[in-house]
Amino acid sequence: QVQLVESGGGLVQAGGSLRLSCAASGSTRSYNGFGWYRQAPGRQREWVAAIGLSGITNYGDAVKGRFTISRDSTKNTVYLQMNSLKPEDTAVYLCNVGNYLSGTFYGSHHWGKGTPVTVSS
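Now for a quick tour of the structure. (Residues numbered from 1 in each chain as written. Predicted model: local features only at pLDDT ≥ 70, side-chain atom pairs only at ≥ 80, totals over all residues. Heavy atoms only, no water.)

Overview of the overall build of the protein
A count of helical and extended segments in the protein gives 0 helices and 11 strands. Helices and strands appear in the protein in the N-to-C order β-β-β-β-β-β-β-β-β-β-β. For 121 residues, the compact-globule formula gives about 14 Å, and the C-alpha radius of gyration of the protein, at 13 Å, lands near that figure. C-alpha atoms of the protein, sized along the principal axes, occupy 40 × 30 × 25 Å. Buried residues in the protein amount to 43% of all 121 residues. Residue pairs at least 24 apart in sequence account for 57% of intrachain contacts in the protein once pairs closer than 6 positions are excluded. Summed over all atoms, the accessible surface of the protein reaches about 6,400 Å², with 49% contributed by carbon and sulfur. Computed over 11 positive and 6 negative side-chain charges, the separation of the two mean positions in the protein equals 5 Å. (Helix = DSSP H or I, 4+ residues; strand = E, 2+ residues; numbered from the N terminus. Rg over C-alpha atoms; globule rule 2.2 N^0.38 Å. Buried < 20%, exposed > 50% of the residue type's maximum accessible area, 1.4 Å probe, protein only. Contact = heavy atoms within 4.5 Å. Areas by Shrake-Rupley, 256 points an atom, 1.4 Å probe, with all protein chains shown as cover. Lys, Arg positive; Asp, Glu negative; His and termini not counted. Charge placed at Lys NZ, Arg CZ, Asp CG, Glu CD.)

Shown next, in the form of structure tokens:
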């Protein structure tokens, strides 16, 4: 069983920054990567970023150049540094554990409850 707990969300003005964390526990060794997704009200869940075991990363076009995903394997924690935030980044941000292969993240059915991010204009 896998547990994922996100934290770090909040209210920030446009142009500001936030750092999200996802603490993972349980049977995560079956997977080699983590991903961040987001879901805004009335919209489909959107993939944001992913990181593989070696530290290789990939990003969705909407956040490329502004967000940075990283991981601390000793703490089994994944981070999402979000800079230059825009109102359209407002969403609940969710963590997923899965496999990162050839530039693509294949998520699992393990999700955290998410952490809300609100960016005011």
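On we go from here.
Regarding the nonpolar core
The biggest cluster of nonpolar side chains holds 27 residues, and the ones touching the most others in it are Trp36, Leu80, Met82 and Tyr93. Secondary-structure elements contributing two or more residues to this core are strand S1 (2-7), strand S3 (18-26), strand S4 (33-39), strand S5 (46-51), strand S7 (67-72), strand S8 (77-82), strand S9 (91-101) and strand S11 (115-120). Once residues lying within four places of it in the same chain are set aside, the contact partners of Tyr93 are Glu6, Leu20, Trp36, Tyr37, Arg38, Val48, Phe67, Leu80, Met82, Gly114, Thr115 and Val117. (Core = buried A, V, L, I, M, F, W, Y, C linked by side-chain atoms within 4.5 Å.)

With respect to the state of the cysteines
In the structure shown here, the tally under the stated rule is 1 disulfide. Bridging Cys22 to Cys95, the disulfide has an S-S length of 2.1 Å. Judged by the torsion about the S-S bond (-80°), the Cys22/Cys95 disulfide is left-handed. Residue Cys22 is located in strand S3, and its partner Cys95 is located in strand S9; the two are separated by 73 residues in the primary sequence. We classify Cys22 as buried; its relative accessible area is 0%. (Disulfide = S-S within 2.5 Å.)

Looking at the packing of aromatic side chains
Inspection of every chain in the model, using the stated rule, returns 2 aromatic pairs. Measuring from centroid to centroid gives 6.4 Å for Tyr37 and Phe105, while their planes differ by 55°, and the two rings are tilted. Residue Tyr37 is found in strand S4, and its partner Phe105 is found in strand S10 (residues 104-111); the two are separated by 68 residues along the sequence. Phe105 shares its class with Tyr37; the two are buried. Taking 5.0 Å as the distance between ring centres and 70° as the angle between the ring planes, the aromatic pair formed by Tyr37 and Trp111 counts as edge-to-face. With a gap of 74 residues between them, Tyr37 in strand S4 and Trp111 in strand S10 connect regions that are remote in the sequence. Taken together, Tyr37, Phe105 and Trp111 form an aromatic cluster joined through their ring pairs. Of note, Arg45 hangs over the ring of Trp111, and the distance from its end group to the ring centre comes to 4.3 Å. (Phe/Tyr/Trp six-rings, centres within 6.5 Å; stacked < 30°, edge-to-face > 60°. Lys NZ or Arg CZ within 6 Å of the ring centre and 35° of its normal.)

Observations concerning the side chain of Arg66
Structurally, Arg66 is set in the loop between strand S6 (57-59) and S7. Separated by 2.9 Å, the side chain of Arg66 and the backbone oxygen of Ala62 make a polar contact. When near neighbours in sequence (up to four residues on either side) are disregarded, Arg66 contacts Gln81, Met82, Asn83, Ser84, Leu85, Lys86 and Asp89. (Polar contact = N/O pair within 3.5 Å; in protein donor to acceptor, adjacent residues only side chain to side chain.)

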